[in-house]
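# Examination of the molecular architecture
Here's the letter readout for the chains.
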Amino acid sequence: MSKHIQPPQSAFDAELMKGALLDSLKKLDPRTLWRNPVMLCVEIASGITLVTFIMSLTGANTEPAWFTGTVSFWLWLTVIFSTMASALAEGRGKARAASLRKSRTDVTAKLLAKPEFNSAFTTVGASQLHKGDLILVEANEMIAGDGDVVAGAALVNESAVTGESAPVIRESGGDRSAVTGGTTVISSSIIVKITANPGETFLDKMIGLIEGAKRRKTPNEIALEVLLIALTLVFLLVCANISPLSIYSVKVAGHGTPVSLTILVALFVCLAPTTIAALLPAIGIAGMDRLFQKNVIALSGRAIEAAGDVNVLLLDKTGTITHGNRQAVAFVPVGGHSEQELADAALMSSIADETPEGRSVVVLAKEKYGLTREMPKEAEVVEFSADTRLSGINLSGNQYRKGASDSIIAFVKKLGCAAIPSDLADVVDRIARGGATPLVVSKGCEILGVINLKDIVKAGIQERFLQLRSMGIKTVMITGDNPLTAAAIAAEAQVDDFLAQAKPEEKLRLIKEYQEQGYMVAMTGDGTNDAPALAQADVAVAMNTGTQPAREAANIIDLDSNPTKLLDIVEVGKQILMTRGNLTTFSISNDIAKYFAIIPAMMLSIYPQLGVLNVMHLASPFSAILSAVVFNAIIIPMLVPLALKGTRFRPRPAEKLLIHNLLIYGVGGIIAPFVGIKVIDLVIGMVV
Amino acid sequence: MNTYEWLQTILLFFVLLTLVKPLGDYMARVFQGERTLLSPVLDTCERLIYRISGVNKDEEMGWERYAWALLLFNLVCGVALFAILLLQGVLPLNPQNYPAFSWHLALNTAVSFMTNTNWQNYGGESTASYFTQMFGFAVHNFASAATGIVVAIALIRGFVRRRGSTIGNFWVDLTRSTLYILLPVSLVFAVFLVSQGVIQNLNPYRTVPLVQGTSYDKPRLDDRGNTLKDSKGNPVTENIQVKEVQIPMGPVASQEAIKELGTNGGGFFNANSAHPYENPTPLSNMAEIFLILLISGSLTHTFGLMAGNTRQGWALLAVMLAILVLAMGILYWAESSGNPLVTRLGVQSINMEGKEVRFGLAGSSLFAVSTTGTSCGAVNTMHDSLTPIGGMMPLSLILLSEVIFGGVGTGLYTMLAFVVIAVFVAGLMIGRTPEFLGKKIEVTEMWMSIVTVLTSGILILIFSAVAMLVPSAVASMNNPGAHGLSEVLYAFASMSNNNGSAFAGLNGNTVFYNIAGAVCMFIGRFAPIVASLAMAGNLAEKKYIPPSLGTLPADKAPFALWLTLVILIVGALTFFPALALGPIAEHLQMAS
């Protein structure tokens, strides 16, 4: 089991809160805040009310100072709540980044001239290592930078990066050659060719990403911001429009006062989509952070959002859909032999077989037929060889063998026994067609029967695929098996499609084909030969155990190297979008109630009849406006947990999901402020 | 409503909805270059036009070229009209010898007809010659309507085309929409209107003696237009005897049909469709309402067909119809409840002020919501005389950016912009990058949709505020107070949304309103057009994403409901304060 890097448990952790508070004040600097234009407008609005408050104090403004002062106070709080939300989201990431940094105390490296263990080295600082440098890392030393093992093999403790305490093997050649800076070699020595310049290493990237320093707005986020800015502009004009209209109305009505600047500014802030604008940065950062809690590093926010759009998942069969090891599930006798007889021979043929498949035969014989045998001392073990493609033992003149059907037939024919049971071909064929592997067992001259070796599909995977299908996501199984086996497993796991005898170039072709049809494709991979397909896929998840090229081609890295993570990533991607959409709807729906609070209040002196619009029966115009402002401010911290955790996600068809969310955030968004504003008004009434 | 009113209303919608499918189908064929019923007659004509004008009908245009061609065409036509108005005095077909328009009135009128607004700061029969009416206004009624239609068609192509760089050929689209759609339908209905009593001639105005003469006291004015007063402070008047009247004539029927069909709305006469020579009978009234809604309604089906999803077209039509019926219901209710000020005098009656008895309450209400829901702007009822809540309905329909059927073409492309915004938010709510008709909605689409939807609202908010600050603009109100505020709001709403109907009660022929109005009409027309074409070009380049279970179904009831809410909420949030100080305040004042 993986041990996750300790996530701070609560969004409101005391230590975090202190840091966030400080950060939120720093973020009030307009030079920082301009990245969130809506909130910048709110800050300017707050500034204006501060001026009207001071004018109230000096008597230049006839509005009571307690009113302008309170409005100004709450408008400033609105801005601070918003900067605090993003500071909190970033704070959680920063805490993690700090713990990562600790693991990266500046180490020294042994720089080699040639990739040979016994050549001379010079000691340099890790920060001086560049791409292509060769370094020697010996036992109990920290690897100074990202690279590929070019010579040797070693056990490496990667817990600093992955949180996984069990060490892993890293060796030259093959798919396990990549090492990460900051991890420690436990035994043996390796020579590593550095693949990243200082500041560009995996760890650096990770720290940058987690801190949110390099976070760029995603296209989708920008599109939403466009909408929010447009709405803000409209509301600005609405408020600007009220002033001359009210001046005119006062003139013709002959009584009343034109709407004051303080009230107009308050109305503007209440109408502007502050709730979503305040929480927007936090939603994205928190999404990355949630993924990180699942030990997944997204190399860009874009990748996670793309994951939410994925409609084709390419899943490797082994490890994702099946457990990976075939297991014996039945003994099928042929030629009139009994099951017991076959079980015994199968057990004998496998007793020396240490492969998972061999062991599963022993287990089946024990569990189903109650057979247990010790390895007889006098037995002669026949190892599997590429020539014979058989394995087994020779014991007291009996040759126990198991192997593929044609190999066994060849073997018994060579022994001079011509009688092949007539039903063998049928049984073998039936098992193969069922997606399993038939292993034929012989004892001496006789063929006793067939072991049914089956790829075991993971429990519950069908339900998961069913959920995905209901969300409109197609699953495609990728396997090296022959089409027959692949079809059977695909049917059992209930994937939508499969690619049998898959070669890397076939994967690439398949991805391109789907993309051509307009699908968004996600895949996982770890081998170097996966790199082209990973680079082509819209969402590419590389296993952390994978090779450097694979990790570079990917846009998401799974530190646990667990291929089913793809499903979690899709979920987080969707959650981010949903949280944004839901809060936008909520924010805009809120405006209706705010209008009903503020409009009658601001126009009451001109047209007393407009009092009928005061449907909430708020106590006084001042209290009505204050209540709306206060509600608008405190809704932000109230929704911070939602922004950080994301809206709850349950897979279901789009239409049902839409109705559900519209009811909660649309209808709820209309009703909630009516209640909230009324309650605040009552509280204000009690205080004043 | 009484049985007769129910019958005519139901019959109207029945006929309209029955014709949506065949006409929508016909228009889809026209714009896809397929053979149609009229091809045998018009094909030669169409080819001749291309040969003369040197248009290669197979040449496709990118959105920028399309937009430039459209702007150029409109500007040239606009300048031509401007010239006609300034030269009216020396041009032929002017039996009443009307002089040239003032420069600012000419500018306002030229922009007005170029932009399909047909806002009229002049009285047709007392200002414009037959030449101006026929070669100026009528030509623009066709050209501006065709312009609207082609933009909608180009936008549909943007949704439909995959990885394409072009959105059609402006000249071909323009020719086809005029030749195959606007001309034949106008021709048929012009003849029908003549059968109902609409006049069609080039005669000089007739002077006829009154059966019973009348007289009135006319106040005397000084040089500045102020009433002269005697030493006691009473106005000085002179008694005027009226024994004969002048009855205007003109080629009305030919202009009347396209006025409704092209949702132009510029009346031949000042009284517009309330005038017996424009709209003589209840039947002609229904026919005119039908014409107003016909193309905009049918284009939704054209859209559905071309986009390969007819349900989508019906869904949009359903949204339009729902809001139209809602507005009609409220308007009818408000008018039938009567005027509380009159009721207080002990007279129980429905509010018939400003309405024609021959149309009745239903015929007037239906016309009012149809002409404002679409950007037509013809009127058979004085909207200024509606009750405050009743008057708020036409005003609100205009303020919703003219998507309740909307102008020909403009209604559809503005509605599609609303759809894009609604799809965007709804798409987020279901956790996907939003897509519509298989096209992803991204930053460009958002910008363009927002420009399309919000331009008019922004113009209204800015200019109505400016009008309150300009003393001469305030002085134009005949009814100062909440009602006057509604008049100003209505004027800018009507011009910015290219509707053209007036609340009346506001003297619009001043330098301020003429210039400000021209700016509103121009920006309100062409900013959304360019934005829609840009969106079309951008969409056409995108690849198609096949729908799946995770795709938001935009052609089903939940989305239609959501779209309706988005349209209503955007409108309400933008204009609630202004409406509160206008019609709502007026209503509450009257009621209390």
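Residues numbered from 1 in each chain as written. Chains lettered and ligands numbered in written order. Predicted model: local features only at pLDDT ≥ 70, side-chain atom pairs only at ≥ 80, totals over all residues. Heavy atoms only, no water.

### Details of the overall build of chain B
Within chain B, the regular secondary structure consists of 19 helices and four strands. The C-alpha radius of gyration of chain B comes to 24 Å, within 12% of the 25 Å expected for a compact globule of 592 residues. The dimensions of chain B, computed from C-alpha atoms along their principal axes, are 85 × 60 × 50 Å. Buried positions account for 63% of the 592 residues belonging to chain B. Look at the contacts in chain B between residues 6 or more apart in sequence, and 79% of them connect residues 24 or more apart. Carbon and sulfur atoms form 64% of the exposed surface of chain B, whose accessible area is close to 21,300 Å². Looking at chain B, you have 31 positive and 33 negative side-chain charges, and the mean spots of the two groups are 8 Å apart. (Helix = DSSP H or I, 4+ residues; strand = E, 2+ residues; numbered from the N terminus. Rg over C-alpha atoms; globule rule 2.2 N^0.38 Å. Buried < 20%, exposed > 50% of the residue type's maximum accessible area, 1.4 Å probe, protein only. Contact = heavy atoms within 4.5 Å. Areas by Shrake-Rupley, 256 points an atom, 1.4 Å probe, with all protein chains shown as cover. Lys, Arg positive; Asp, Glu negative; His and termini not counted. Charge placed at Lys NZ, Arg CZ, Asp CG, Glu CD.)

### Regarding helix H14 (residues 410–429) of chain B
Here H14 of chain B is 20 residues long and its end C-alpha atoms lie 29 Å apart, about the 28 Å a rise of 1.5 Å per residue gives. Across the 20 residues that make up H14 of chain B, a large majority, 20, are buried. (Expected span 1.5 Å × (residues − 1).)

### Description of the domain arrangement of chain B
We note that the domain assignment places domain 1 (20–201 + 254–299) and domain 2 (206–247) within chain B. Relative to domain 2 of chain B, the C-alpha centre of domain 1 of chain B lies at a distance of 41 Å. (Domains from an automatic or database assignment.)

### Notes on the packing of helix H1 (residues 3–31) of chain B against helix H10 (residues 310–336) of chain B
Residue and element names in this part refer to chain B. Here H1 crosses H10 at 165°, and the two axes come no closer than 13 Å. What the angle tells us is that H1 and H10 run roughly antiparallel. The handedness of the crossing between H1 and H10 is right-handed. Here H1 contributes Glu5, Phe13, Leu17, Val20 and Lys21 to the contact with H10, which in turn contributes Trp314, Leu317, Leu321, Leu324 and Tyr332. Its residues assigned to classes, the contact of H1 with H10 shows eight nonpolar, no polar and two charged. (Axes fitted to C-alpha atoms, helices over the stretch in contact; angles between N-to-C directions. Parallel < 35°, antiparallel > 145°, perpendicular 65-115°, else oblique. Left-handed = near helix turned anticlockwise from the far one by under 90°. Nonpolar A, V, L, I, M, F, W, Y, C, P; charged D, E, K, R; others polar.)

### Remarks on helix H23 (residues 654–687) of chain A
Because each turn of an α-helix spans 3.6 residues, side chains separated by three or four positions end up pointing in the same direction. Between the first and last C-alpha of H23 of chain A there are 47 Å, a value that for 34 residues agrees with the 50 Å anticipated at 1.5 Å per step. The sharpest bend along H23 of chain A reaches about 45° and sits at Gly668 of chain A. (Bend = angle between axes of the 7 residues up to and from the residue.)

### Some words on the pattern of salt bridges
Taken as a whole and judged by the stated rule, the model has 32 salt bridges over all chains. With its nearest N and O atoms 2.7 Å apart, the salt bridge here joins Asp353 of chain A to Lys402 of chain A. With Asp353 of chain A in the loop between helix H12 (339–350) and helix H13 (356–369) and Lys402 of chain A in strand E15 (residues 398–403), this residue pair connects regions lying 49 residues apart in the sequence. Each of the two residues, Asp353 of chain A as well as Lys402 of chain A, counts as buried. One salt bridge connects Arg47 of chain B with Asp43 of chain B, and the closest N-O pair in it is separated by 3.4 Å. (Salt bridge = Lys/Arg side-chain N within 4 Å of Asp/Glu carboxyl O.)

### Concerning the nonpolar core
Soluble globular proteins: nonpolar side chains tend toward being buried together. Judged by nonpolar contacts, the single largest core of 313 residues is most densely connected at Leu313 and Met602 of chain A together with Phe436, Phe492 and Leu563 of chain B. Per-element tally for this core: the top contributor is helix H21 (residues 565–603) of chain A, with 19 residues. Not counting residues up to four positions away in its chain, the partners in contact with Phe492 of chain B are Ile460, Phe463, Ser464, Ala467, Phe512, Tyr513, Ala516 and Cys520 of chain B. (Core = buried A, V, L, I, M, F, W, Y, C linked by side-chain atoms within 4.5 Å.)

### A few points about the confidence of the model for chain A
Here chain A averages 84 in pLDDT, while 92% of its residues score no lower than 70. Across residues 1–9 of chain A, confidence stays below pLDDT 50; counting only partners more than four residues off in sequence or on other chains, it has 23 contacts. (pLDDT = per-residue confidence, 0-100.)

### Considerations on the sheet that holds strand E10 (residues 296–298) of chain A
All names here are of chain A. A sheet is described by the order of its strands in space; here seven strands give the open sequence E10-E22-E21-E20-E11-E18-E19, paired in mixed fashion. Single-partner strands in this sheet number two, and they are E10 and strand E19 (497–499). On average, each strand axis in the sheet is tilted by 20° relative to the strand beside it, whichever way the strands run. As defined by bridge partners, strand E11 (residues 312–316) adjoins strand E20 (residues 521–525) across three bridges and the pair is classed as parallel. (Pairing = 2+ DSSP bridges.)

### Thoughts on the sheet that holds strand E1 (residues 108–112) of chain A
Residues and elements named next belong to chain A. Strand order in the open sheet formed by six strands is E2-E1-E3-E9-E4-E7, and the pairing between neighbours is antiparallel. The sheet is open, and its two borders are formed by strand E2 (121–125) and strand E7 (178–179), each paired with just one other strand. Sheet analysis places strand E4 (residues 147–151) next to strand E9 (residues 190–194), joined by four bridges and oriented antiparallel. Considered in E9, the bridge of Ala151 is made with Ile191.

### Topic: the state of the cysteines
Tallied over the full model, the rule gives zero disulfides over all chains. As a non-bridged cysteine, Cys41 of chain A has Cys239 of chain A as the owner of its nearest cysteine sulfur, 11 Å distant. Residue classification places Cys41 of chain A among the partly exposed residues on the basis of a relative accessible area of 28%. Counting only cysteine sulfurs, Cys520 of chain B is the nearest neighbor of Cys376 of chain B, a cysteine outside any disulfide, at a range of 20 Å. (Disulfide = S-S within 2.5 Å.)

### So, the environment of Thr437 of chain A
Residue and element names in this part refer to chain A. Mapped onto the fold, Thr437 is located in strand E16 (residues 437–443). Each C-alpha atom of the pair Thr437 and Arg326 lies 8.2 Å from the other, and the pair is 111 residues apart in sequence. Those residues in contact with Thr437 that sit more than four places away from it in its chain are Arg326, Ile431, Ile451, Asn452 and Leu453.

### Here we look at the interface of chain B and chain A
Chain B puts 60 residues into the contact, and the matching count from chain A is 61 residues. Around 5,300 Å² of area is buried between chain B and chain A when both sides are counted, 76% of it from carbon and sulfur atoms. One can count one salt bridge joining chain B with chain A. For Lys556 of chain B, the salt bridge goes to Glu655 of chain A, with nearest N and O atoms at 3.7 Å. For the interface between chain B and chain A, the tally reads nine residue pairs in polar contact (both at pLDDT 80 or more). Those elements that provide at least two residues to the side of chain B that touches chain A are H14, helix H15 (443–469), helix H17 (482–496) and helix H19 (557–591) of chain B. With 15 residues, H19 of chain B is the single largest residue contributor to the side of chain B that touches chain A. Its residues placed into classes, the side of chain B that touches chain A shows 44 nonpolar, 10 polar and six charged. (Buried area = accessible area lost by both parts, 1.4 Å probe. Polar contact = N/O pair within 3.5 Å; in protein donor to acceptor, adjacent residues only side chain to side chain.)

### Structural notes on the environment of Asp148 of chain A
Residue and element names in this part refer to chain A. Relative to the elements of secondary structure, Asp148 occurs in strand E4. When its relative accessible area of 19% is taken as the criterion, Asp148 is described as buried. Each C-alpha atom, one on Asp148 and one on Arg176, is 8.8 Å from the other, the two residues being 28 residues apart in sequence. Other than its neighbours up to four places away in sequence, Asp148 contacts Ser177, Ala178, Ile191, Val192, Lys193, Thr195 and Gln548.

### Side note on the packing of helix H9 (residues 282–306) of chain B against H10 of chain B
All names here are of chain B. Viewed as axis vectors pointing N to C, H9 and H10 meet at an angle of 150°, and their least axial separation amounts to 5 Å. Between H9 and H10, the crossing angle belongs to the class labelled roughly antiparallel. As for how H9 packs across H10, the hand of that crossing is right-handed. On H10, the residues that touch Leu293, Gly297, Thr300, His301, Phe303, Gly304 and Leu305 of H9 are Thr310, Gln312, Gly313, Trp314, Leu316, Leu317, Met320 and Leu324. Residues of the contact of H9 with H10, tallied by class, amount to eight nonpolar, seven polar and no charged.

### Points about the packing of aromatic side chains
What the rule picks out here adds up to 31 aromatic pairs over all chains. Ring geometry for Phe73 of chain A and Trp74 of chain A: centres 5.7 Å apart, planes at 85°, overall edge-to-face. For Trp74 of chain A, a relative accessible area of 18% puts it in the buried group. In textbook terms, an aromatic cluster arises when at least three aromatic residues are bridged by ring pairs, as seen for Tyr98, Tyr130, Tyr205, Phe268, Phe269 and Tyr277 of chain B. The cationic tip of Lys474 of chain A hangs over the ring face of Tyr519 of chain A; the distance from NZ or CZ to the ring centre is 5.8 Å. The ring of Tyr544 of chain B carries the charged tip of Arg162 of chain B above its face, separated from the ring centre by 3.8 Å. (Phe/Tyr/Trp six-rings, centres within 6.5 Å; stacked < 30°, edge-to-face > 60°. Lys NZ or Arg CZ within 6 Å of the ring centre and 35° of its normal.)

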